[in-house]
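# A look at the structure
Spelled out from the first residue to the last, the chains are:
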Amino acid sequence: MSTSRVKSAERVLDVLDLLARRGVPMAATEIASELDLPKSTTHHLLNVMRDRRFVSYWPDQRAWTLGVSAFEVGASYMRSGPLHREGQRHMVALTKAADETSHLAVLQGTDVIYLDKREPLKPGVRLVTEVGTRLPAHLTAVGRTILARLDPEQLSALYAGYTWPTRTGEGPTSLDDLRALLQADRELGYAVERDSTTNGVTCIAGPVVTREGRPVAALGVAYLTGARSEAETAEMAQLVTEAAAHFSDSLSDRMVEESIES
């Protein structure tokens, strides 16, 4: 490999590292100054990275942030590392407390992938959320609770040209519809989905986030629609949000410990 290609690769990684550490939108001139790069080189790198969705551009601020592809790379690491391992005990605890099926899911593009599932001892509802199942994120509670924590620009980039598939005739059919749902989800602190993935099934999910507030996964429960009263549904939502919060805290602690050990 030529020296110039290696240098370009190093510069791309430097840009990603800088945006990740800052955690706020940065102007191209600021990026160039921080990394001691020519402005023309910086603009070229950013445009190439935007084409591959590793960065996103905010026109109203004339600034750049990490993009959806960077998020997906991070989620991939979490799936193969501490996320899955740490999630098992929290799913077991949630299933026992709720007496319903719990599941762990991550965002992959505009879909969610179900990584794991725990079922109660009682006969339960048959779900489509088997381990490894991929479903449109906008139709699921686990997907929406992650999407609700993405930056507006990331959300727009993610759903550019999207065709909005449906499974049951329920669910948002445009980005404006989705934004309205996500706003409500943010205010609640969790997402509720009824009959959008499977007729007769309700799901409640809360986000698993890093110390910096970045969403990496979702923890949820599913049960028969109508099987729970409003009071029981509220209690279920509290169980889910508490479990997701404990999961987030323990995951962050584990990541800190592993970084120190390494």
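So, here's what we can say about the structure. (Residues numbered from 1 in each chain as written. Predicted model: local features only at pLDDT ≥ 70, side-chain atom pairs only at ≥ 80, totals over all residues. Heavy atoms only, no water.)

### Some remarks on the overall build of the chain
Our working rule: A run of DSSP states H or I qualifies as a helix once it reaches four residues; a run of E qualifies as a strand once it reaches two. Both are numbered from the N-terminal end. Working definition: with a 1.4 Å probe on protein chains only, accessible area under 20% of the residue-type maximum means buried, over 50% means exposed, and in between means partly exposed. Residue contacts are defined here by distance: any two heavy atoms, one from each residue, within 4.5 Å place the two residues in contact. Accessibility throughout is a Shrake-Rupley quantity obtained with a 1.4 Å probe, and a residue counts as covered only by protein chains that appear here.
A tally of helices and strands in the chain yields nine helices and eight strands. Counting every position in the chain, which comprises 262 residues, the buried fraction comes to 46%. Look at the contacts in the chain between residues 6 or more apart in sequence, and 58% of them connect residues 24 or more apart. Accessible surface, the chain: about 13,200 Å² in total, of which carbon and sulfur atoms supply 50%.

### Observations concerning the packing of helix H2 (residues 28-35) against helix H3 (residues 39-51)
When two helices pack together, their arrangement is captured by the angle between the axes and the distance separating the axes. Rules: Axes here mean lines fitted to C-alpha atoms, for a helix over just the part in contact, with angles spanning 0 to 180 degrees between N-to-C directions. Each angle is binned into one of four classes, with values under 35 degrees roughly parallel, values over 145 roughly antiparallel, values of 65 to 115 roughly perpendicular, and all other values oblique. Each helix crossing is assigned a hand: it is left-handed if the near helix lies turned anticlockwise from the far helix by less than a right angle, otherwise right-handed if that turn is clockwise. Note on residue categories: nonpolar means Ala, Val, Leu, Ile, Met, Phe, Trp, Tyr, Cys or Pro, charged means Asp, Glu, Lys or Arg, and polar means any other residue, Gly included.
Interaxial distance between H2 and H3 falls to 9 Å at its minimum, and their mutual angle equals 115 degrees. Taken together, the axis directions place H2 and H3 in an arrangement best described as roughly perpendicular. You can see that H2 and H3 cross each other, and the crossing is right-handed. Here Ala 28, Thr 29, Ile 31 and Ala 32 of H2 lie close against H3, whose contacting residues are Lys 39, Thr 42, His 43 and Leu 46. Its residues placed into classes, the contact of H2 with H3 shows four nonpolar, three polar and one charged.

### With respect to the packing of aromatic side chains
How two aromatic rings sit relative to each other is given by the distance of their centres and the angle of their planes. Under the convention used in this document: Stacked, edge-to-face and tilted are the three classes for Phe, Tyr and Trp ring pairs, Trp counted by its six-membered ring, which pair at centre distances within 6.5 Å; planes under 30 degrees apart are stacked, over 60 edge-to-face, the rest tilted.
Applying the stated criterion to the full structure yields four aromatic pairs. Both rings, one in Tyr 57 and one in Trp 64, keep their centres 4.8 Å apart while their planes meet at 50 degrees; by these two values the pair is tilted. On the basis of relative accessible area, Tyr 57 is assigned to the partly exposed category, the value being 24%. Arranged with centres 4.9 Å apart and planes meeting at 85 degrees, the rings of Tyr 162 and Trp 164 form a pair that is edge-to-face. Comparing Tyr 162 with Trp 164, the two get one shared label, buried. Taken together, the ring pairs in this structure connect Tyr 159, Tyr 162 and Trp 164 into an aromatic cluster.

### Structural notes on H2
Operational definition: By arc we mean the arc of the directions from the helix axis to the C-beta atoms, nothing more.
Every buried residue of H2 is accounted for by Ala 28, Ile 31 and Ala 32. Summarising the axial view, the buried residues of H2 lie within an arc of 100 degrees, below the 170-degree limit, and thus occupy one face. Taken from the residues just after H2, Asp 36 is the one with a positive phi, measuring 55 degrees.

### Looking at the layout of surface pockets
The rolling of a water-molecule-sized probe over the atoms marks out the regions of remaining empty space. The criterion, for reference: Here a cavity is any set of points on a 1 Å grid over the protein atoms alone where a 1.4 Å probe fits but cannot get out, and a pocket is any open set with protein on both sides within 12 Å along at least 5 of 7 lines; a residue lines the site when it has an atom within 4 Å of a point. Grid points are joined across faces, edges and corners, and a volume is the space filled by probe spheres set on the points.
Each pocket or cavity is described by its volume, and for the second largest pocket that value is around 160 Å³. In terms of lining residues, the second largest pocket is bounded by Ser 8, Ala 9, Val 12, His 44, Leu 45, Val 48, Met 49, Arg 52 and Phe 54. Elements supplying a minimum of two residues to the lining of the second largest pocket: helix H1 (3-22) and H3. In terms of residue count, the dominant contributor to the lining of the second largest pocket is H3 (four residues). Here the lining of the second largest pocket is built from residues that sort into six nonpolar, two polar and one charged.

### Overview of the pattern of salt bridges
Here the idea is simple: oppositely charged side chains can pair when their charged atoms come close. Heads up, the condition is: Definition used for salt bridges: Asp or Glu carboxyl oxygen within 4 Å of a side-chain nitrogen of Lys or Arg.
Summed over all chains, the structure comprises seven salt bridges. For Asp 116, the salt bridge identified is with Arg 118, shortest N-O distance 2.8 Å. By relative accessible area, Arg 118 is classed as partly exposed at 25%.

### Thoughts on the nonpolar core
The line we're drawing: For the purposes of this section, nonpolar cores are sets of buried Ala, Val, Leu, Ile, Met, Phe, Trp, Tyr and Cys residues that join through side-chain atoms within 4.5 Å.
Grouped together as the largest cluster of nonpolar side chains are 26 residues, with contacts concentrated most on Leu 107, Val 112, Val 142, Leu 147, Leu 158, Tyr 159 and Leu 178. Going through the elements one at a time, strand E3 (101-108), strand E4 (111-118), helix H6 (141-147), helix H7 (152-158), helix H8 (175-188), strand E7 (201-209) and strand E8 (215-224) are the ones with two or more residues in this core. Looking at this core element by element, the count peaks at four residues for H6. Aside from chain neighbours lying at most four places away, what touches Leu 178 is His 138, Arg 144, Leu 147, Leu 155, Tyr 159, Trp 164 and Pro 172. Core analysis: the next-biggest nonpolar cluster, separate from the first, contains 23 residues, Leu 83, Met 91, Tyr 190 and Ala 243 among them.

### Thoughts on the environment of Arg 50
Using the following cut-off: Under this definition, polar contacts are N or O atom pairs within 3.5 Å; protein pairs additionally need one hydrogen-donor-capable and one acceptor-capable atom, and for neighbouring residues in sequence, both atoms have to be side-chain atoms.
Positionally, Arg 50 belongs in helix H3. Taking the C-alpha atoms as reference, Arg 50 lies 9.4 Å from Trp 64; in sequence the two are 14 residues apart. Beyond its immediate sequence surroundings of up to four residues, Arg 50 is in contact with Val 55, Tyr 57 and Trp 64. Only 3.0 Å separates the side chain of Arg 50 from the side chain of Asn 47, close enough to count as a polar contact.

### Here's the deal with the pairing of strand E6 (residues 191-194)
The test is simple: Pairing between two strands requires that DSSP report at least two bridges joining them.
Direction of pairing for E6 relative to E7: antiparallel, over a ladder of four bridges. Bridged to Ala 191 within E7 is Ala 205. Connecting E6 to the antiparallel partner E7 that follows it, the hairpin turn spans six residues, and Asp 195 within it adopts a positive phi of roughly 65 degrees.

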